[in-house]
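The chain contents come next:
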Amino acid sequence: MNTLLATDLVTRLTDYDTTALLAVNGLRADVMDTFMWCVSGKFEWIPLYAALIYVLFRNFHWKMVLAMLVAVGLVFALTDAFTSQILRPAVARLRPSNLDNPVSAMVHVVNDYRGGSYGFPSAHSSNTWGLSFLMFWLLRNRWLTLFLAFWATLQCYSRLYLGVHYPGDLLAGMLVGFVSATVVYFVFRRITKYENPPEIRHFYVPIAVGTFTLIVFLVYSIFP
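Residues numbered from 1 in each chain as written. Predicted model: local features only at pLDDT ≥ 70, side-chain atom pairs only at ≥ 80, totals over all residues. Heavy atoms only, no water.

What follows concerns a nonpolar patch on the surface. A grouping of Val31, Ile215, Leu218, Val219, Ile222 and Phe223 is seen on the molecular surface, where their side chains present a nonpolar patch of about 540 Å² in accessible area. Taking relative accessible area as the criterion, isoleucine 222 reaches 43% and is therefore assigned partly exposed. (Patch = residues over 30% accessible without salt bridge, like charges linked within 9 Å, V, L, I, M, F, W, Y side chains within 5 Å. Areas by Shrake-Rupley, 256 points an atom, 1.4 Å probe, with all protein chains shown as cover. Salt bridge = Lys/Arg side-chain N within 4 Å of Asp/Glu carboxyl O. Buried < 20%, exposed > 50% of the residue type's maximum accessible area, 1.4 Å probe, protein only.)

Dropping the structure here:
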């Protein structure tokens, strides 16, 4: 009986996941195709990463900044290990865009991009939320926290729009990012005796750079 209930629950959750995906993925336009493609990119966000590093150097000694960058690298290593190396092969959940998935016939893809075979959990989600959560812990700045939360959410939305992840993939990735960032932060704090500064200077720089990047994406999408 318990097995039947568990199976029924998994089926219902899968149905909800698919319905939510198709609802987001179906809201498409040519301009949004280009915009979301840019948002989902990795190298396109290098200016934002550089701006975050700038803020670190403006507020901390260079040795502490190097330790923070090592912490960022450890977060990425953990999120990648859990998503790509451990959970994806174990769960083996096909991406919605995968041609072997019956749902793929209803999924809109952009630039014929379908990703790899499996998508649970999302590496995009775990990486962006992992970085965001670590910055939340390290900097404790309200406005920068809100912007990074918006940025990570937009990244997740772009993966739904492109049809390469289910919402459940993204939520699981967010959880992996949170756990990885939290563990790394507390180990980092214990080793370095780090104390959060009372005020973060130049916190507006990543916000301005990230906003400008999105404006560039939008202009490029409208006037390719």
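Here the narrative resumes, following the displayed structure.
Before going further, it helps to examine the environment of isoleucine 222. With respect to the secondary-structure elements, isoleucine 222 resides in helix α8 (residues 204–222). A sequence separation of 113 residues divides isoleucine 222 from valine 109, and the C-alpha atoms of the two residues are 19 Å apart. (Helix = DSSP H or I, 4+ residues; strand = E, 2+ residues; numbered from the N terminus.)

One can find histidine 124 in helix α5 (residues 123–139). Not counting residues up to four positions away in its chain, the partners in contact with histidine 124 are Ser40, Lys42, Gln155 and Arg159. (Contact = heavy atoms within 4.5 Å.)

Our focus in this paragraph is the environment of tyrosine 54. Within the element layout of this structure, tyrosine 54 appears in helix α3 (residues 46–59). Sequence-wise, tyrosine 54 and leucine 154 are 100 residues apart; in three dimensions their C-alpha atoms are separated by 23 Å. Excluding anything up to four places from it in sequence, tyrosine 54 contacts His202 and Val205.

In this section: the packing of aromatic side chains. By the definition in use, this model includes 14 aromatic pairs. Aromatic side chains tryptophan 45 and phenylalanine 217 sit 5.4 Å apart centroid to centroid with 85° between the ring planes, which places their arrangement in the edge-to-face category. With tryptophan 45 in the loop between α2 (30–39) and α3 and phenylalanine 217 in helix α8, this residue pair connects regions lying 172 residues apart in the sequence. Given a relative accessible area of 1%, tryptophan 45 falls into the buried group. Taking relative accessible area as the criterion, phenylalanine 217 reaches 7% and is therefore assigned buried. The ring of tyrosine 166 is capped by arginine 93, whose NZ or CZ atom sits 3.9 Å from the centre of that ring. (Phe/Tyr/Trp six-rings, centres within 6.5 Å; stacked < 30°, edge-to-face > 60°. Lys NZ or Arg CZ within 6 Å of the ring centre and 35° of its normal.)

Counting residues in each nonpolar core, the largest one holds 50 residues, and the members touching the most others are Phe60, Leu134, Met135, Leu138 and Leu139. Sorting the residues of this core by element identifies α1 (2–25), α2, α3, α4 (62–91), α5, α6 (142–161), α7 (167–192) and α8 as the ones contributing at least two each. It is α6 that contributes the most residues to this core, nine residues altogether. In contact with phenylalanine 60, not counting residues within four places along its chain, are Val65, Met68, Leu139, Tyr194, Pro197 and Ile200. (Core = buried A, V, L, I, M, F, W, Y, C linked by side-chain atoms within 4.5 Å.)

Moving on to the environment of leucine 170. Mapped onto the secondary structure, leucine 170 falls in helix α7. In this structure leucine 170 comes out as buried when scored by relative accessible area, which is 6%. Sequence spacing of leucine 170 and histidine 124 is 46 residues, and the spatial spacing of their C-alpha atoms is 8.0 Å. In contact with leucine 170, not counting residues within four places along its chain, are Ser122, Ser125, Cys156, Arg159, Leu160 and His165.

To continue, consider the packing of α3 against α8. Each pair of packed helices can be summarised by the angle the axes make with each other and by the distance between the axes. At a closest axis distance of 8 Å, the pairing of α3 and α8 adopts a crossing angle of 170°. Classified by the angle their axes make, α3 and α8 are roughly antiparallel. Mapping the contact onto sequence places Pro47, Leu48, Ala51, Leu52, Tyr54 and Val55 in α3 and Val205, Pro206, Val209, Gly210 and Thr213 in α8. Counted by class, the contact of α3 with α8 contains nine nonpolar, two polar and no charged residues. (Axes fitted to C-alpha atoms, helices over the stretch in contact; angles between N-to-C directions. Parallel < 35°, antiparallel > 145°, perpendicular 65-115°, else oblique. Nonpolar A, V, L, I, M, F, W, Y, C, P; charged D, E, K, R; others polar.)

As a further point, take the packing of α3 against α4. Their axes nearest at 8 Å, the elements α3 and α4 cross at an angle of 145°. Handedness of the crossing formed by α3 with α4: right-handed. Residues Ile53, Leu56 and Phe57 of α3 pack against Trp62, Val65, Met68 and Leu69 of α4. Here the residues of the contact of α3 with α4 are counted per class, giving seven nonpolar, no polar and no charged. (Left-handed = near helix turned anticlockwise from the far one by under 90°.)

Moving on, we get to the pattern of salt bridges. All told, the structure shown has four salt bridges when counted by the stated rule. Across the pair arginine 28 and aspartate 33 runs a salt bridge whose closest N-O atoms are separated by 2.8 Å. Judged by its relative accessible area of 38%, arginine 28 falls in the partly exposed class. According to the relative accessible area criterion, aspartate 33 is buried, its value standing at 11%. Bridged by salt links that share partners, the residues Asp17, Arg93 and Asp169 form one connected network.

Function-wise, these values are silent; they only describe arrangement.
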